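Below, each chain spelled out in residue letters.
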Amino acid sequence: MVFVGVLPGVEYDVERAGGVSPELGVEATLLVFYDKLSGVATRWVLTCCYNKCKTKDSEIVKKIDERLKVSVFDLNKLPRILTSETDVMATFIKIVGSLKETLQKILIQGEIDEYENDKQMHCDTRLVEMLDKLSKDLQASVKFSESYLIEELQFLEEVKGIRLPHFIPHSLFLRLLKKKVNSVSELPINFVNDVWGYLETVCAKVLIDQCGNYPKLLPSIKKATEHVVSKMKAKFVERVVEMIEMEKITDYTCDPGFIISYNKPMNYHAQFSNLLTSYMSNSINVEGYGSINIGHLREVPENTRNQAFDLKIMMTSYWKIVLKRMVDCLALQLRFFIQKVVNKEMEIQIVSEVMGGGGIEKMLNEPPSTSKKRERLHNNIALLQESKETMEQVMDGVVVSSD
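Residues numbered from 1 in each chain as written. Predicted model: local features only at pLDDT ≥ 70, side-chain atom pairs only at ≥ 80, totals over all residues. Heavy atoms only, no water.

Caption draft 1: Expanded view of helix H10 (residues 269-278). Those residues of H10 that fall on the buried side of the exposure criterion are Phe-272, Ser-273, Leu-275 and Leu-276. Viewed end-on, H10 has its buried residues packed into an arc of 165°, placing them on one side of the element. Turning to H10, the residues buried within the fold contact strand S2 (283-286) and helix H11 (302-356). Where H10 ends, the next residue or the one after it, Tyr-279, has phi of about 60°, a positive value. (Buried < 20%, exposed > 50% of the residue type's maximum accessible area, 1.4 Å probe, protein only. Helix = DSSP H or I, 4+ residues; strand = E, 2+ residues; numbered from the N terminus. Arc of directions from axis to C-beta. Contact = heavy atoms within 4.5 Å.)

Caption draft 2: How the structure looks around the side chain of Arg-298. Of note, Arg-298 is situated in the loop between strand S3 (290-293) and H11. Here the side chain of Arg-298 touches Leu-276 through a polar contact of 3.1 Å, landing on its backbone oxygen. Polar side-chain contacts of Arg-298 include one of 2.4 Å to the side chain of Asn-282. When residues no more than four places from it in sequence are discounted, the contact partners of Arg-298 are Leu-275, Leu-276, Tyr-279, Met-280, Ser-281, Asn-282 and Arg-305. (Polar contact = N/O pair within 3.5 Å; in protein donor to acceptor, adjacent residues only side chain to side chain.)

Caption draft 3: Looking closely at unusual backbone geometry. With phi around 75°, Leu-149 is a residue other than glycine that occupies positive phi space. As for its placement among the helices and strands, Leu-149 is situated in the loop between helix H4 (123-139) and helix H5 (150-158).

Caption draft 4: Focus on the confidence of the model for the protein chain. Of all residues in the protein chain, 75% attain a pLDDT of 70 or more, and the chain-wide mean is 78. Taken element by element, the protein chain is modelled with least confidence in strand S1 (residues 44-46), mean pLDDT 39, and with most confidence in H4, mean pLDDT 94. Every residue in residues 1-52 is under pLDDT 50, and counting partners more than four places away or in other chains gives 93 contacts. Note on residues 398-403: pLDDT under 50 across the span, and 13 contacts to partners over four residues away in sequence or across chains. (pLDDT = per-residue confidence, 0-100.)

Caption draft 5: Quick peek at the packing of aromatic side chains. Under the definition given, this model contains seven aromatic pairs. A ring pair is formed by Phe-258 and Tyr-262, whose centres lie 6.4 Å apart and whose planes are at 20°; its orientation type is stacked. With a gap of four residues between them, Phe-258 and Tyr-262 both fall in helix H9 (residues 257-266), about one helical turn apart. In this pair, the class of Phe-258 matches that of Tyr-262, namely buried. Its guanidinium or amino end placed over the ring of Trp-319, Lys-180 lies 5.0 Å from that ring's centre, counting from NZ or CZ. (Phe/Tyr/Trp six-rings, centres within 6.5 Å; stacked < 30°, edge-to-face > 60°. Lys NZ or Arg CZ within 6 Å of the ring centre and 35° of its normal.)

Caption draft 6: View of the pattern of salt bridges. Within this structure, the stated rule accounts for 14 salt bridges. Residue Glu-151 pairs with Lys-179 through a salt bridge whose shortest N-O separation is 3.0 Å. Of this pair, Glu-151 sits in helix H5 while Lys-179 sits in helix H6 (residues 170-184), placing them 28 residues apart in sequence. Owing to a relative accessible area of 43%, Lys-179 belongs among the partly exposed residues under this scheme. Note that Asp-209 and Lys-205 form a salt bridge whose closest N and O atoms lie 4.0 Å from each other. Taken together, the residues span about one helical turn, with Asp-209 and Lys-205 both in helix H7 (residues 186-211) at a distance of four residues. On the basis of relative accessible area, Lys-205 is assigned to the partly exposed category, the value being 33%. Look at the salt bridges and you will find they share partners, linking Glu-101, Lys-105 and Glu-114 into a network. (Salt bridge = Lys/Arg side-chain N within 4 Å of Asp/Glu carboxyl O.)

Listed below in structure tokens is the structure:
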């Protein structure tokens, strides 16, 4: 290989330079030299006239120096060579610590500095969006259908018994509550699946970023992480199922808002009865629910109709409490399980998997791809340093020729 230039006094060898013509100029010829740095330099010739070429030579040295800095930077980015089990353990502990710290920042503390330009990794925001979506989907179940009170009337019909009239059995309310809870029970489960699918994606991204320099270690850590996430997801689902079952069997709240919510629509009861008995209108406007069709209720006995109305208002008021409690409980459980995974379970499982699966021994052997890259960078740095020294001698007026 010959380093060629078109400056006065510079030897030019078209054939050995790969067909570079003098018309390309010094800078273009210099770029060709840079592109061939990864090859083996067998011969170079540099001659120059100091008085006429000082400016151009300075530019060449500057570009060589820039390329040298890049190569040194790339070399320093490579993982250091591990020569003993002590080195391996120290590196492994550092990787686990860095992984844990990053997950704490993005999943628990809500920081986004490390992934500022990757919105998918802004975990707090994405998780809140999922909770908001769940809340909206659940609230969509709060509505008065066109067949107002029909469902309540059907339930009342099925619980008739030898008892005093005008009293609604508690069991009837629980049966209706159970039916409503069952109608939305899939939404919390779907939320869990979506959230943990997202968390798996986040953990996989952080794993690759933290373990990229040690590909032989990545499979073991990935397996451990997937195991922990899967185990915690199963426990989360179990808690959610228990939460749903609890809502079916007990109707209780200490929220004073329930009484307020119940009394407000009950103020429409007199208007509701008057409209049905007077045939003045087939609909009634209830604040918060809009216009409700009631014409189909005129043939229903007044006592049964009033019981159905009371049952409807009671269930509607309590149902708002149930839905709010579901979302709040899911949010608290989610935070609890995320903290448990990041702060405790993941670290224990990773250490167990790596130590038991021979991952430590594998780290002693550097991957071939990394070895080749390291060797290439060392060669580039040596050649660039030699070229820089030679050009500096040329700038001092020294003519250098070497085989």
